[in-house]
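A structural walkthrough
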Amino acid sequence: MKRPRLAAAILDLFVPQDGRDEIHGDLDERFLRVLQTKGQTRARAWYWAQVLSSTTTFIAHRIRRPRSPKVRSTARQPKALELPRSFWADIQYAFRSFRRHPGAIAVAVFSLGAGIGTNVTIFSVVDVYVFRSLPFPDPDRLVEVYGTMPERGWNHNPLSFPVYLDMRDQSRTMDIAASHPEDKNIAGGDRPERIGTIRTSWNYFEVFQVQPILGRAFRPEEERDGNHRVALIGSGLWQRRFGSDPGVLGETILLDGEHFTVIGVLPPDFRFGLTIPEVWTPLGITGDESRGTNRLMAVGRLRPGATVTQANADVSRIATLLAEEYPEVHSGWGAGARSLNDFVVPVEARVGMVITSVAAALVLMIACTNVANIMLTRATARVREIAVMGALGASRARLVRHLFADSVVVAWFGGLVGILISVAGIRWYTSLVPAWAPRAEEVGIDGRVLVFALIVTTLTGIVFGIIPALRNSLPNFSAALKEGGRGVSGNRGSRSRSALVVCQVTMALTLLVGSALLVRGYFSLQSMDTGWRKENVLTFRVSLPQSDYQDNEAVVSFYRTLHERIAAMPGVESAGAISHLPMRSSASTLYDVPGHEAPSPEQRQLAEYRFIVPGYLQTMDIARLQGRLFDERDRADTRNAVVVNEMLADLHWPTENPIGKSVELWGETREIVGVVENSIIYDQVIRPMILLSAFQEPRASMSFVAHTPGGQRSLTEEIRNHVHSLDPNLPLYRVMSMDEVVRESRQMETLMAKMMAAIAVLALMLSVAGVYGVISYSVAQRTQELGIRMALGAREAKVLSLVLRQGAVITVIGMAIGLVTASLIARGMSLWLFGVSPFDAASFGASIAILLGASLAASYFPARRVAKLDPLEVLRHE
Amino acid sequence: MARASLGEFEHLILLAVYRLGDDAYGVPVIHEVEERTGRTVTQAAAYLTLRRLEDKGFIKSKLGDPTAERGGRAKRYFEVTSAGTAQLRESRAALSKMWEGINPELDRASR
């Protein structure tokens, strides 16, 4: 167990050079003793307390005392030092007076710490994605190249192989690389494994300017099919499978049954995009790739002198030429280029960061309001003191500084507490963020974040400090002295305090509503009616390598056998399989309906398509509405059949029976044999869907689903054995329940809901503290008045309601304004709301109830305190 | 320069150094004051006060041997000088003269 290192480092900044060893030695020794007697937590707290108090003492010492004692004795101090020294006296005064009101100051420091901590945490995330450039050389010269189809509202589409090659050859402004991620089975080792791989153009590493740490990158000729069996591997895989052996070059690895020769190893943190690849292989271009199949993500590096705007014009010029040359595939298509930083932060993340930043700023404002209130109260209590100072000839500037010292001290401690809170906050964030989120590993506290914290602390100190300081440095001295410091109640001071709390309640309600919506969205996601079964469904995925399963019969026979075996297992009610599980991703295609041809290519309809193994629909409890489901009649040698969802049927045959009608997909007509109910595919939008039989048109990769009413834990190993007995080289992967699939697909929403809930709880606490502060202050000021009322016969209940009403009025005014701002914010958040209306009555209602309840409780306690007093005692006290 | 005087905290620290004799370095000095007076003493306050007393010539110091429990850092041992002893004697005399006859009265007043 070591002493807290951060604390020791902070202390180091302030300790006098010649005393460093001595002081650290003493502290270590004392720390050990506390550790032995009081345990780790207390010892760490003790150490921090020592560091914080010692730091203040050392700073004080340095300001008070010039570095060289000779200067002091022989010459007058330089003028510049006088201000800090008298200011230091003010700060010491502030310290001493804080000791008399530790409660109020603790509230102020904690409020500020919470506000600053929240902001620093959010900033450390935002900084990475918004302000820091990508971790590649010259990142500003990197652009994303994409296709567009304005008529369909497609703004950022991938490119097809031929289009990419045309762009690369014809571009005058940049060198363009392309990649396409795909998961593959890697054989050998203890157990076959499924890993992320990525196929790239030969110049991929040149464009990113990344050098292999071992071996070489691809050569141009290796990009073509036939020469493409070479691979670069990631450091992780190199370590895991080859024990970091430099002799790995020239070894072969078996990916989906194909042999690849390892030619290089990439540095540990090289990664771009949403997948985590471990093997990079060349694209393997055959020349037969379709112009219409868009799969490649293209990244360009601007040539010297070129700009993003020029690059954008350049690719859109090429797209126009292509549309003229190949009108049947490319008409309607355009292209564009934008800075790669824009690509990495998708719009949802951007909106999410704006929401949380605004929320954090609101928390800070609430905190500042609290502190400003406390400062106002203190300043009001010190009116006499200030008046005396003024009467004795202190200048206004001197008085402002005197009052401002309080704020400086509070801000300083608030900043320290804030940094500690953000350390915890950032740890919490990184524990929640999904593994695939790009650049998550870059989030943390560093110099930039600390500078930000310093700026926020200074600004807040000025914001909440300057107003009370300015106001109270200008009292009417003689009036204040005459009034005896009592008559100030009920004047502008308490009005402005109430106004501050109204603002606070407004902001708190806004935050509460915002996070209530997100939390509701999160829960509605949990309980959402997806249209398919979520409970007790076990899923896993298998992918058959083409080299081992060369024809359709082999694939069909594998899946048929596996399906039969799984369905026959005890504990499995029914089983099936699908090419892509719902919630995972979209797979859509254009289709035609013979007899209902679209007037132009841009108006052709788009449908989600999936291949399924019979049994899928029953297992997932998706009901058949018309016709039949797939069965033994649907084989490779019979007519191609499809099952469509209700939406597609209604779209084309609103009044007719769709059974027996046909749709055309990929140039082939298929007969509609059945209609099933609509269900969620990957987001909340219901889309037309076409299901095809995987026994009729087989697919290499399938996700199995098994309905296991009695739980599934014991079944996984048995399923693994079945797969192993069919093919020992085949890994089983993504083994999870359907529940987990849903949860995983919404990790970002979950993260968002949790962060906003935490922020809202803070906001609630802070604003309740604000209401409490104002009410209890005003009760203290009115003690005499209330005492007279009671002496004249007012009941306890009457006094209570008098005080409660004051709290209620403030809260209700604040909430009325808050409802307006909350509605505005809620609309901006709609992108993040899953299955919840932005004007969800329950969220608004609950927020109002919680806030009102909490502020009434906050007014009740001070009210009861005064109502319980003996009126005689109260009157005598004055 | 006029005769240096002794602040209250300086007084406490100087007495602690005197009491501890040969074992007077940072940690025991702090403990001595904390245990006898019940107040908490921060590292910085103790360090700065010891330095000030040394500047005033009331104590002198020398470096001791490093120990493991201090992370291999040396201790600085303090010893009260004759000027320090004289100062203590003088302070005690002044204080006890000022206290003469006050004690019973003070106890009554606090009630």
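What counts and how
- Each chain has its residues counted from 1, running along the sequence as written.
- Just so you know, chain letters begin at A and ligand numbers begin at 1, following the order they were written in.
- A pLDDT threshold of at least 70 governs which residues receive local features in this predicted model, and a stricter bar of 80 or more applies before side-chain atom pairs are shown or counted, although totals over entire chains, interfaces and linings include all residues.
- Segments assigned H or I by DSSP are reported as helices when at least four residues long, segments assigned E as strands when at least two residues long, and all are numbered from the N terminus.
- Here a residue counts as buried when 20 or more other C-beta atoms fall within 10 Å of its C-beta, as exposed when 12 or fewer do, and as partly exposed in between; the C-beta atoms come from the backbone.
- Contact between two residues is assigned whenever their backbone-derived C-beta positions fall within 7 Å.
- Residues were grouped as follows: Ala, Val, Leu, Ile, Met, Phe, Trp, Tyr, Cys and Pro as nonpolar; Asp, Glu, Lys and Arg as charged; and all remaining residues, including Gly, as polar.
- In plain words, the nonpolar core is the set of buried Ala, Val, Leu, Ile, Met, Phe, Trp, Tyr and Cys residues that C-beta atoms within 7 Å link up.
- Only strands that DSSP links by at least two bridges are regarded as paired with each other.
- For every residue, the predictor reports its confidence as pLDDT, a number between 0 and 100.
- Here the expected length of a helix is defined as 1.5 Å per residue gap, with one fewer gap than residues.
- At any given residue, the bend is defined as the angle formed between two axes, one fitted to the seven residues that end at that position and one fitted to the seven that begin there.

1. Regarding the overall build of chain B
Per the secondary structure count, chain B includes five helices and two strands. Going from the N terminus to the C terminus, chain B shows its helices and strands as α-α-α-β-β-α-α. For chain B, the proportion of its 111 residues judged to be buried stands at 29%. Restricting the contact set of chain B to residue pairs at least 6 apart, pairs at least 24 apart contribute 48%.

2. So, the environment of Leu399(A)
Residue and element names in this part refer to chain A. Summarising the element assignment, Leu399 is placed in helix α15 (residues 396-432). Overall, the presence of 20 C-beta atoms within 10 Å leaves Leu399 in the buried class. Through-space distance from the C-alpha of Leu399 to that of Ala387 is 9.6 Å; in sequence the pair is twelve residues apart.

3. Concerning unusual backbone geometry
Residues and elements named next belong to chain A. Here Asp138, not a glycine, exhibits a phi torsion of approximately 45°, which is positive. Relative to the elements of secondary structure, Asp138 occurs in the loop between α6 (102-131) and β1 (142-149). Residue Asp138 is classed as exposed on the basis of its 11 C-beta neighbours within 10 Å.

4. Points about the interface of chain B and chain A
Of the residues lining the interface, 15 residues belong to chain B; the matching set on chain A comes to 18 residues. Of all elements in the fold, only α2 (26-37), α3 (43-55) and β2 (73-80) of chain B reach the threshold of two or more residues within the side of chain B that touches chain A. If you tally residues by element for the side of chain B that touches chain A, the top one is α3(B), at five residues. In terms of residue class, the side of chain B that touches chain A is made up of six nonpolar, four polar and five charged.

5. Describing the nonpolar core
Core analysis: the largest hydrophobic core is formed by 107 residues, its most contacted members being Val363(A), Val371(A), Ala508(A), Leu512(A), Ile759(A) and Ala763(A). Those residues in contact with Val371(A), other than ones at most four positions away along the chain, are Ala108(A), Ser111(A), Leu112(A), Val410(A) and Phe464(A).

6. Quick notes on the environment of Met507(A)
Residues and elements named next belong to chain A. With respect to the element layout, Met507 can be found in helix α18 (residues 492-527). Exposure remark for Met507: the 26 C-beta atoms within 10 Å place this residue in the buried category. Along the sequence, Met507 and Ile366 sit 141 residues apart, while their C-alpha atoms lie 7.0 Å from each other.

7. Brief notes about the pairing of strand β8 (residues 258-265) of chain A
All names here are of chain A. Where strand β5 (residues 214-215) lies against β8, two bridges are found, and the strand directions are antiparallel. Residue pairing in the sheet places Leu214 in a bridge with Val265 of β8. Across four bridges, strand β6 (residues 230-233) lies against β8 in parallel orientation. Following the sheet pairing, Ala231 is matched in β8 by Val262. Relative to β8, strand β7 (residues 252-255) runs antiparallel, the two being bridged by four bridges.

8. Remarks on the confidence of the model for chain B
All names here are of chain B. Averaged over every residue, the pLDDT of chain B is 83; the share at 70 or more is 90%. Across chain B, helix α1 (residues 8-20) holds the top mean pLDDT of 90, while helix α5 (residues 103-109) sits lowest at 67. Taken over the whole predicted complex, pTM reads 0.64, whereas the ipTM for its chain interfaces reads 0.83.

9. What to know about helix α26 (residues 796-828) of chain A
All names here are of chain A. Between its first and last C-alpha atoms α26 spans 47 Å; for 33 residues at 1.5 Å apiece the expected length is 48 Å, and the two agree. Along α26, the largest kink reaches about 25° and is centred on Gly818. Every buried residue belonging to α26 is among Val799, Val803, Gly807, Ile810, Thr811, Gly814, Met815, Gly818, Ala822, Ile825 and Ala826, and all of these are buried.

10. Some points on α2(B)
Residue and element names in this part refer to chain B. An ideal rise of 1.5 Å per residue puts 16 Å on twelve residues; α2 measures up with 17 Å between its terminal C-alpha atoms. Taken as a whole, α2 has its buried residues at Gly26, Val27, Val29, Ile30, Glu32 and Val33. Downstream of α2 by a residue or two, Gly38 has a phi angle that is positive, lying close to 80°.

11. Description of the environment of Gly117(A)
Residue and element names in this part refer to chain A. Take Gly117: it is sitting in helix α6. Judged by the 29 C-beta atoms lying within 10 Å of it, Gly117 falls in the buried class. In sequence terms Gly117 and Ala360 are 243 residues apart; their C-alpha atoms lie 9.1 Å from each other. In this view, Gly117 contacts Gly418, Ile421, Ser422 and Gly425; residues no more than four positions away in its chain are not counted.

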